[in-house]
Amino acid sequence: MMVLLDVRNLTIHYMTERGVLRAVEDVSFQLEKGETMGLVGESGCGKTSIALAIMRTLPDNVCFSSGELLFDGEDILAIPAERYDQEIRWRKISMVFQGALNSFNPVLRIGFQVAEPLMQSRKISWDKARGEVARLFSMLGLPEETIWRYPHELSGGMKQRAMLAMALILRPKLVILDEPTSALDVSVQTQIMNLLKRLKRDMGLAMIFITHDITLASDICDRISVMYAGELVELGDADDVLTNPLHPYTRKLLAATPRLRGDRPPEYIPGSPPDLVNPPSGCRFHPRCPVMFDRCISVRPPMFSSGRVKVRCLLYG
Amino acid sequence: MPAREWRVFWSSPTSKAGVLLLASMTIVSLYVLITYPQDFGLRIWNNPGYWADYPKEAPPSWVNLFTADKLPEHMVILTDSPAYTYSDGQYYKVYRLDFQYEYSDTPSFLSITLGPAIFYGRPPYLEITVERPDGLTVPLYFATAGTVLPEETPPYRRFDPSQRIFLSGEEQVARSLQLFLRMNNVDLSYNDVARLGPERIIFLELSGEGLGERVLKGRYIVNVVFIGDTHDDNLSWAKFVVGGKVYGLSGTDRIGRDLAAGLLFGFPVALLIGLVTSVLTTSIGSSLGIMSGYIGGRVDEIIQRVSDILNNIPLLPLLIFFTFIFKPSIWLIVMILVVFGWSGLTIVVRSIVLQVKSEQYVEAAVSLGAPRWRIMSRHVFPRIAPFILAQMILSTPSAILAEASLSFLGLGDPSLPSWGQMLDYSFRSGGVNIGLWWWIIPPGVLIVVTGLTFILLSLGLEPVVSPRLRRMR
Amino acid sequence: MSLVRVLALKAVTLILVLFGVLMLVVLVLGATGVSDRILTAYVGEQLRAVRQELSQRIRDPVELERALETYRSELITAYGLDRPWYTRLPQMILRVLILDLGSSRTVTSFSGSSKVSDIILERLPNTVALVTTAVAISSAVGIALGARAALKAGSRYDRAVSLFSSVSFALPSWWMGLIYILAFSFYLGIFPFGGLYSTPPPTTPLERAADILWHATLPVLTLVTVILGGWAYISRTIVLNVTREDFVAVARAKGLKENLLMRRYIIRPAAPPIVTNIVFAISGSIGGAILTETVFNFPGMGRLYYEAITSFDENLVIALTYLYTLIYIASRFILEILYVVLDPRVRI
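Conventions adopted
Residues numbered from 1 in each chain as written. Chains lettered and ligands numbered in written order. Predicted model: local features only at pLDDT ≥ 70, side-chain atom pairs only at ≥ 80, totals over all residues. Heavy atoms only, no water. Salt bridge = Lys/Arg side-chain N within 4 Å of Asp/Glu carboxyl O. Helix = DSSP H or I, 4+ residues; strand = E, 2+ residues; numbered from the N terminus. Buried < 20%, exposed > 50% of the residue type's maximum accessible area, 1.4 Å probe, protein only. Domains from an automatic or database assignment. Contact = heavy atoms within 4.5 Å. Buried area = accessible area lost by both parts, 1.4 Å probe. Polar contact = N/O pair within 3.5 Å; in protein donor to acceptor, adjacent residues only side chain to side chain. Pairing = 2+ DSSP bridges. Axes fitted to C-alpha atoms, helices over the stretch in contact; angles between N-to-C directions. Parallel < 35°, antiparallel > 145°, perpendicular 65-115°, else oblique. Left-handed = near helix turned anticlockwise from the far one by under 90°. Nonpolar A, V, L, I, M, F, W, Y, C, P; charged D, E, K, R; others polar. Expected span 1.5 Å × (residues − 1). Arc of directions from axis to C-beta.

### Considering the pattern of salt bridges
In step 1: The full count for this structure, using the stated rule, is 51 salt bridges over all chains.
In step 2: Measuring nitrogen to oxygen at the nearest pair gives 2.8 Å for the salt bridge that ties R164 of chain B to D53 of chain B. Residue R164 of chain B is found in strand 9 (residues 163–165), and its partner D53 of chain B is found in the loop between helix 3 (40–45) and strand 1 (75–79); the two are separated by 111 residues along the sequence.
In step 3: Residue D187 of chain B pairs with R182 of chain B through a salt bridge whose shortest N-O separation is 3.4 Å.
In step 4: Given the relative accessible area of 45%, R182 of chain B is considered partly exposed.
In step 5: Connected through shared salt-bridge partners, E25, D26, E231, R284 and R300 of chain A make up one network.

Given below as structure tokens:
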């Protein structure tokens, strides 16, 4: 298989009124063509920052960033902004943003907003672009007349489908989905998940699926990477990670998911997510870790390989 | 305000500026409240007699700092200790009023005021002369202290409480000046002398050819001689006023009012109007809004309809109408501003309350059976309190502006002189067309600064009210 | 269909407001006895006119007086002066509605008529022209300033715009006018002190137009100075909120050209809330206009208001109060329509 996206030592710091916030610290992973990777972690752990870095839409208050993002072998952080805009943005990499409910401009028609990237890249008119939008809408199960609707006239599920249509309009190789179902109710969530699976199968899309819900990720992802406090703590095939979680955080995360069957009540993770302005020393998880030992406080664990899985925990060193 | 909110508020320079300004205005207002008489408006400010001995339309005295030729300052010389002499059966009391005159221009007017006189025999004789620095003595005024009526018995009292002689407008003064000039070989017609007035003739150099252009600088002595028949004939005091061409910190207006006094008095008036109006408007508006949002149903319907209608009324025309029909009074203005001003806040507060009401902790409190008033005061009100406070502060300048505008239209409350009224008079009497800047700029600047103070405060409160606006950086 | 309903509801509210203001005005007039005075004066006036006419026909003075007396009592009954004031309310409202308010005391129209309606209608166009020009200029400039400040939020430019807006919020229009007169007319001498025409007015149409423009510059500038800040502040706040919306981030991510993004995703969605806020600012603009006209001796309704107040001309004051309410309500309604056109969310 060919590597599509190679993230190497990505680090992103923000300047806030309290100080420097280390949102992403030394994150590396690879994504192959047509592969779906889940990026799992609590909110505020840096998942969205990684997505924004790939989209090159990080907010203005980034004060430090380093690392490489190789897309098809080329570092897309290093190329000029104009070239990124002309060749990569939305044409090769697109994104479904978190909170689809507010992702549409309330005063423009849905179809028009979906067609905009197409109109701009091919320099065609709205009349000409409409056919393509209609085709995509029917593929995603949206009635054709939705084109003429305004955002407030659509349900959450319909908006999410329209967002997907917008992300797919230029037929990209990689789509980043940032919590694509979290604002939807469960039955609509299932519909969207099924739609995503179909797209993955039919279009050969590579996807980065960002979620805080590890079971949801297991439903669609080939591989799963778990983030904690800005760091990647575990990375491996979905099956491996789910059946045999190595990092104490991943274990806790899985144990915290309620199950329909089984006599075990869901556990909770003691403590609260760390403050990324003053992250804990050593392993960032040590204050909440059930198996913590002395070295965890002083030594920052590197990524260890344990079988096919990589894990950032001193237990495996 | 809890400590955290206070820190956020205090962290912005706008809040600091606002607090500082408000504190200074409060101090000035307190000073005025303590030192000014209660009937300042009617007895002093709007009483032209009080301001008779002040220069008219004089710029502030600090303009002298910027010019080579110094304009005369206003001078008031008073004495109550005369020199006694006795000769030929007459008792002379000489009130000596001396002053140094070092200005490049003549005074604007001269006047003398005499305190109560008492006598037992014939009416005493009064003699007023001026000794110039060049040694010449100018006779000014001669008179007896009235006549004794047949039915009167001693002691006779005159000039009670005081007698003012406006030397610059007195016919007798002009006559004696004409005589004085003639004695010094200057021949001028009575009309010319009257036009020039004592303020020029006394204070200009005299040469053989006539009245000079230059001001005679040096020590002047005004002698008020009171000549009585008995030892007990007495004049309490004498006051000589050299009308300046500059006055005080803020100058004077057309009738000689010390503008600094009016400007100071404007502080408590503006704060009073602004704060009373905003406190009333905000408390009515927010409590109706909370009721409307929380109780709902018929109450909500009625409150919303009424505020919708009130919200659509143009305020200034109605304010004009009401103050025109009724007697202009500050309380009427405040009342109208409150009656027509609460509706906007009600609508906003209602929508916030509806939002808060649907939040989990409020629903939890409801399901626990907490009484309605308790939920409102414990849960709903604290949430919207900062917003209401900000609104209250923000509505203050509009009340101040409304009063100023009405005053400017001539509908001000005469018992409470305000900055708007000062500007009304300056505009009405054409002060702007002759460039009396000291009469026009300061009152307006104070209106703007007062308004700005409250705007700065509400800007400073903004990050407390809507944390969403707090910057990331 | 429901669009019509939304607007109809608004129209009904506004008409209710107009009617409410009228009621209030008339009630106050009746209760304070002012309306009696007005009507009595009106009767006296008509009697004078009739006396002249009758004196041509009836030579006998006694008979003339008797005829006049009959006519007077007829008039008193007709105007309802013999009945308590509250029975005349509907009539009074009607009279105000059609501006049938008789004559002014001292103020006359430029053509010499002292009929209230003549005087007012003659000045109405001047006021409308002044206010619309000022509002048009300040809205265009204000939105541009505010939007730019929002996009550069936190910059020195933004702070300057915010400071200017705060100051202008506290700035009385009439004082600003006085300052402009002091600066531009008294010290610099480049603009006239007031009025709308030179005396004598220039003869050629072109010169006439230039003359009017020259006279109108300072009044317009004054109004613009005072309203501009409000527009800039409102636009800044709303645009700033819009730029933080998710859909702007999405549009940016999908690579829309910056000027397109600005137009479609920031200015366009910001337009409806800006209009809503402007609805509330209109009252201020009208108030500002009244006072600005006063300062510049501008021959409009605002100056007329001032003249009516200072000469205690009740009829004029009533008529102007009513007409200003009417103008205010009309402009609000226009803005409501504009809002409905701009925001698809209220159209369903």
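### Some points on the domain arrangement of chain C
Residue and element names in this part refer to chain C.
In step 1: Domain boundaries in chain C define domain 1 (3–97) and domain 2 (117–347).
In step 2: Here domain 1 and domain 2 have C-alpha centroids that lie 37 Å from each other.
In step 3: With 17 residues of domain 1 at the interface, the matching set in domain 2 holds 15 residues.
In step 4: Considering only the side of domain 1, the residues that lose the most area to domain 2 are L7, L14 and L18, jointly responsible for 34% of the buried surface there.
In step 5: At the surface where domain 1 touches domain 2, the tally comes to 1 salt bridge.
In step 6: Residue E336 is joined to K10 by a salt bridge in which the shortest nitrogen-to-oxygen separation is 3.8 Å.
In step 7: One can count 0 residue pairs in polar contact (both at pLDDT 80 or more) joining domain 1 with domain 2.
In step 8: Broken down by element, the side of domain 1 that touches domain 2 gets its largest block of residues, 12 residues, from helix 1 (residues 2–31).

### Quick notes on the environment of G420 of chain B
In step 1: Structurally, G420 of chain B is set in helix 13 (residues 419–428).
In step 2: The buried category is assigned to G420 of chain B, whose relative accessible area is 1%.
In step 3: In the structure, G420 of chain B is positioned 329 residues away from Y91 of chain B in sequence and 54 Å away in space, judged by C-alpha atoms.
In step 4: Apart from residues lying up to four places away in sequence, G420 of chain B is in contact with A404, S407, F408 and I447 of chain B together with W174 of chain C.

### A closer look at the sheet that holds strand 13 (residues 234–235) of chain B
Residues and elements named next belong to chain B.
In step 1: Read from one edge to the other, the open sheet built from 3 strands follows the order 8-5-13, with strand pairing classed as antiparallel. Strands with a single pairing partner mark the edges of an open sheet, and in this sheet they are strand 8 (156–158) and strand 13.
In step 2: The pairing of strand 5 (residues 117–119) with strand 13 spans 2 bridges and is antiparallel. Counterpart to A117 in the pairing with strand 13 is L235.

### Regarding the sheet that holds strand 10 (residues 231–237) of chain A
Residue and element names in this part refer to chain A.
In step 1: Here we have 8 strands laid out as an open sheet, ordered 6-7-8-3-9-10-12-11, and mixed in their pairing. A single partner strand is all that each edge strand has here, and the edge strands are strand 6 (93–96) and strand 11 (304–306). Recorded for the sheet is a direction-independent mean angle of 20 degrees between the axes of neighbouring strands.
In step 2: Two strands pair when backbone bridges link them, and strand 10 and strand 12 (residues 309–311) are joined in this way by 2 bridges, in the antiparallel orientation. From the neighbouring strand, E234 faces strand 12, where its bridge partner is V311.
In step 3: Along the sheet face, helix 6 (residues 186–203) touches strand 3 (36–40), strand 7 (174–178) and strand 8 (206–211) and points at about 155 degrees away from the line of strand 8.

### Regarding the packing of helix 8 (residues 315–325) of chain B against helix 12 (residues 372–411) of chain B
Residues and elements named next belong to chain B.
In step 1: The geometry of helix 8 relative to helix 12 is characterised by a closest axis approach of 11 Å and an angle of 50 degrees between their N-to-C directions. With respect to their mutual orientation, helix 8 and helix 12 come out oblique. The handedness of the crossing between helix 8 and helix 12 is right-handed. Residues L316, L319, I320, T323 and F324 of helix 8 form the contact with helix 12, whose participating residues are A402, S405, L406, L409 and L411.
In step 2: Broken down by class, the residue content of the contact of helix 8 with helix 12 amounts to 8 nonpolar, 2 polar and no charged.

### A closer look at helix 10 (residues 343–357) of chain B
Residues and elements named next belong to chain B.
In step 1: With 15 residues, helix 10 extends 21 Å from end C-alpha to end C-alpha; this agrees with the ideal 21 Å at 1.5 Å per step.
In step 2: Within helix 10, the full set of buried residues consists of S343, L345, T346, V349, V353 and V356. In a view along the axis of helix 10, the buried residues occupy a sector of 135 degrees, so they form one face of it.
In step 3: Residues of helix 10 that are buried make contact with helix 6 (259–295), helix 7 (297–311), helix 9 (330–341), helix 11 (360–367) and helix 12.

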